[in-house]
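Descriptive structure summary
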Amino acid sequence: MEMTETIRIHKTNHSTLADVDWSNLEFGKYNADHMLVCDFLNGAWESPKIIPFANLSLSPVTLSLHYGQTIFEGMKAFRMIDKRISIFRPEKHYERFVRSAERMCMEVIPREIFMEGLHELIKLDGAWVPSAAGSALYIRPFIIATEAKLGVKISEAYKFLIVSGPVGSLYQKPISVKVETKFVRASRGGTGCAKCGGNYGAAFYPTKKAREQGYDQVLWTDGKENKYIEESGTMNAMFVIDNKLVSPPSSDSILDGVTRDSFITLAKQEGITVEERPVSIDELKRSFRDNTITEAFGVGTAAVATQIKLIGIDNVHYNLPTKKESIAELLKAKLDGIRTGKIPDVNNWNKLLI
Ligand code: COI
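Residues numbered from 1 in each chain as written. Predicted model: local features only at pLDDT ≥ 70, side-chain atom pairs only at ≥ 80, totals over all residues. Heavy atoms only, no water.

A few points about the state of the cysteines
Linking two cysteines covalently through their sulfur atoms gives a disulfide. The full count for this structure, using the stated rule, is zero disulfides. C38 takes part in no disulfide bond, and the closest cysteine sulfur to it belongs to C105, at a distance of 20 Å. For the unlinked cysteine C193, the closest cysteine sulfur is that of C196, found at 8.5 Å. (Disulfide = S-S within 2.5 Å.)

Quick look at the packing of aromatic side chains
Tallied over the full model, the rule gives 12 aromatic pairs. Arranged with centres 5.7 Å apart and planes meeting at 80°, the rings of F88 and W349 form a pair that is edge-to-face. Residue F88 is located in strand β8 (residues 85-88), and its partner W349 is located in the loop between α7 (327-339) and β20 (350-352); the two are separated by 261 residues in the primary sequence. Taking the relative accessible area as the measure of exposure, F88 reaches 3% and is therefore buried. Aromatic pair Y94 and F114: ring centres 5.1 Å apart, planes at 55°, arrangement tilted. Of this pair, Y94 sits in helix α2 (residues 90-103) while F114 sits in helix α3 (residues 111-124), placing them 20 residues apart in sequence. You can call Y94 buried: its relative accessible area is 6%. The buried category is assigned to F114, whose relative accessible area is 0%. (Phe/Tyr/Trp six-rings, centres within 6.5 Å; stacked < 30°, edge-to-face > 60°. Helix = DSSP H or I, 4+ residues; strand = E, 2+ residues; numbered from the N terminus. Buried < 20%, exposed > 50% of the residue type's maximum accessible area, 1.4 Å probe, protein only.)

Focus on the packing of helix α5 (residues 258-269) against α7
α7 packs onto α5 with a crossing angle of 105° between their chain directions and a minimal axis gap of 10 Å. Relative to α7, the element α5 lies roughly perpendicular. Of α7, the residues touching α5 (which contributes T259, S262, F263, L266 and A267) are A328, L331, K332, K334, L335 and I338. Here the residues of the contact of α5 with α7 sort into seven nonpolar, two polar and two charged. (Axes fitted to C-alpha atoms, helices over the stretch in contact; angles between N-to-C directions. Parallel < 35°, antiparallel > 145°, perpendicular 65-115°, else oblique. Contact = heavy atoms within 4.5 Å. Nonpolar A, V, L, I, M, F, W, Y, C, P; charged D, E, K, R; others polar.)

Section: the domain arrangement of the protein chain
Examined at the domain level, the protein chain breaks down into domain 1 (3-167) and domain 2 (175-340). Taking the mean C-alpha position of each, domain 1 and domain 2 sit 27 Å from one another. Of the roughly 1,900 Å² buried where domain 1 meets domain 2, counting both sides, 59% is carbon and sulfur surface. Linking domain 1 to domain 2 there are two salt bridges. When the shortest N-O distance is used, the salt bridge between D256 and R99 registers 3.1 Å. (Domains from an automatic or database assignment. Buried area = accessible area lost by both parts, 1.4 Å probe. Salt bridge = Lys/Arg side-chain N within 4 Å of Asp/Glu carboxyl O.)

Quick notes on the pairing of strand β5 (residues 49-52)
Both strand β2 (residues 8-9) and β5 contribute to a ladder of two bridges, which runs parallel. Among the inter-strand pairings, I9 is bridged to a residue of β5, identified as I50. As defined by bridge partners, strand β3 (residues 34-41) adjoins β5 across four bridges and the pair is classed as antiparallel. Directly across from L36, in β5, lies its bridge partner I50. (Pairing = 2+ DSSP bridges.)

A word on unusual backbone geometry
Most peptide bonds take the trans form, and the phi angle of most residues other than glycine is negative. Unusually for a residue other than glycine, D314 sits at a positive phi of about 50°. The topology assignment puts D314 in the loop between β18 (304-313) and β19 (316-319).

Topic: the side chain of K76
By the secondary structure assignment, K76 is in strand β7 (residues 75-79). One buried charged residue, K76, remains without a salt bridge, the closest side chain of opposite sign being D336 at 7.6 Å. Within the local environment of K76, its side chain forms a polar contact with the backbone oxygen of A302, the two atoms lying 3.3 Å apart. Beyond its immediate chain neighbours, meaning those up to four positions away, K76 contacts S86, I87, F88, A136, L137, Y138, I139, V167, T301, A302 and V304. (Lys, Arg positive; Asp, Glu negative; His and termini not counted. Polar contact = N/O pair within 3.5 Å; in protein donor to acceptor, adjacent residues only side chain to side chain.)

This is the structure in structure tokens:
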């Protein structure tokens with residue numbers, strides 16, 4: 001056992017690092033050796049500890065298993081060209097994690113536990129941060145309600161954990177998407193803006209149906225009129241229309257994406273006009289008819305940026321060129337450059353581990 005000021009560390013004797021096939025980092029395949037665990041019990045967060053990655057033991061009547069009080073974040077650590085490790089925008093992720101906790105009536109993890117825990121965990125599992133282009137250590141902080149009671153109530157006990165694992169790109173190639181007008185991901189006043197498990201589970205059925213029809217993902221529309229584009233699968237949606245970068249604005253039904261925010265900031269710094277505004281299905285059809293739409297893509301932590309090669313609207317297929325000389329690729333290259341230290345980090349997004 002080793003002690004830092006606040007975090008007890010119990011190191012594994014059975015590292016699985018040697019089992020990793022670094023040339024095939026399928027998303028979610030590998031878990032790094034350690035995890036951070038911190039319990040909220042009797043009205044207070046206890047001291048966090050770092051322990052070997054292992055199963056949890058939960059009562060069958062644990063609240064989160066029944067009523068979905070679970071939230072998570074998805075973030076990444078990168079291997080810089082000078083070999084140091086940097087975590088990308090942890091503050092921004094923490095702020096969203098707090099908002100998710102509040103929306104789901106869960107206890108907010110204090111900033112110090114989140115930041116120090118993250119820092120110590122990634123330092124300990126530093127050897128798990130890959131260095132190949134496009135790869136990263138994906139970090140998954142999450143909180144589950146742990147009160148063991150079937151009563152339909154706000155839990156009085158929680159467990160905060162951070163696990164991680166090396167990943168390549170979520171999507172290897174451009175995707176085709178179906179504009180979904182029957183099922184909705186989120187509606188006004190719902191939980192779309194929170195990163196809660198239910199949002200993802202509820203998306204499985206419509207996504208499965210879209211896949212049966214030959215698409216890779218769905219392009220969600222709003223829950224009121226099914227007229228406006230919301231998100232693209234598990235990513236935020238972006239379009240290039242009339243040479244402007246257009247993205248539906250964050251709202252209570254659209255997740256405030258960290259990659260989305262980074263792309264918008266970088267685009268503005270590149271002198272590209274950015275419009276955060278609703279994009280209707282009619283506008284998309286018009287822009288295809290008039291040839292004013294030149295790109296569509298999804299952005300997210302896991303996927304970074306994934307070009308959309310085809311949009312299906314009411315069974316009509318609209319094709320898009322997927323080329324290297326695109327705004328999506330330009331911004332992705334900038335972001336990759338910043339995260340690996342090849343381009344100056346003028347926005348102070350990299351938090352270096354020291
Ligand atoms: C992410 O991009 O981090 C996500 O949360 C999407 C998905 C992998 C759940």
